[in-house]
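Residue-level structure breakdown
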Amino acid sequence: MLTQAVMALKTIVDVYHRYSIREGELDCLNFNDFKTLLTENNPKYMEKLFKETDLNKDKDLTFEEFTIVLANVADDAHRIIHKDDRCTPDKD
């Protein structure tokens, strides 16, 4: 039986692969793949996050770069839930 944490991680990988197979390299998200993923799931962050997380500026997100997107989105969601940023020292 898979734990809840393992199931959550599997879901993240599955979502990445659902969008990374649409165009370009099979295991990379290009901007169009990323745009589709965020438009369907959360359009607010799209262009800013892509630019911030495409570390090598090749216009594709590897899975490693995609995990940065997840961390940023999770951090933003955590801050929104708490409304007062009480869990974090930074204010970005």
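Residues numbered from 1 in each chain as written. Predicted model: local features only at pLDDT ≥ 70, side-chain atom pairs only at ≥ 80, totals over all residues. Heavy atoms only, no water.

A word on the packing of aromatic side chains. Using the criterion set out here, one finds 5 aromatic pairs in the structure. Taking the centre distance of 5.2 Å and the plane angle of 55 degrees together, the rings of Phe34 and Phe50 count as tilted. Of this pair, Phe34 sits in helix H2 (residues 31–41) while Phe50 sits in helix H3 (residues 46–53); the two residues are 16 residues apart in sequence, bridging distant segments of the chain. Note on Phe34: relative accessible area 0%, which makes it buried. Through a chain of ring-to-ring contacts, the aromatic side chains of Tyr16, Phe63 and Phe66 assemble into a single cluster. (Phe/Tyr/Trp six-rings, centres within 6.5 Å; stacked < 30°, edge-to-face > 60°. Helix = DSSP H or I, 4+ residues; strand = E, 2+ residues; numbered from the N terminus. Buried < 20%, exposed > 50% of the residue type's maximum accessible area, 1.4 Å probe, protein only.)

Two elements in contact, H2 and H3, have axes separated by 10 Å at closest approach and are oriented at 135 degrees. In terms of orientation, H2 lies oblique with respect to H3. Like other packed secondary-structure pairs, H2 and H3 cross with a definite hand, here right-handed. Note on element contacts: H3 touches H2 through Met46, Glu47, Leu49 and Phe50, opposite Phe31, Phe34, Lys35, Leu38 and Thr39. Looking at the contact of H2 with H3 residue by residue, the class counts come to 6 nonpolar, 1 polar and 2 charged. (Axes fitted to C-alpha atoms, helices over the stretch in contact; angles between N-to-C directions. Parallel < 35°, antiparallel > 145°, perpendicular 65-115°, else oblique. Left-handed = near helix turned anticlockwise from the far one by under 90°. Contact = heavy atoms within 4.5 Å. Nonpolar A, V, L, I, M, F, W, Y, C, P; charged D, E, K, R; others polar.)

Here we take up the packing of helix H1 (residues 4–20) against H2. Where H1 contacts H2, the axes come no closer than 9 Å and their chain directions differ by 125 degrees. Compared by their axis directions, H1 and H2 come out oblique. As for the relative orientation of H1 and H2, their crossing is right-handed in sense. From H1, Val15, Tyr19 and Ser20 reach across to H2, where they touch Asp33, Thr36, Leu37, Glu40 and Asn41. The residue inventory of the contact of H1 with H2, partitioned by class, reads 3 nonpolar, 3 polar and 2 charged.

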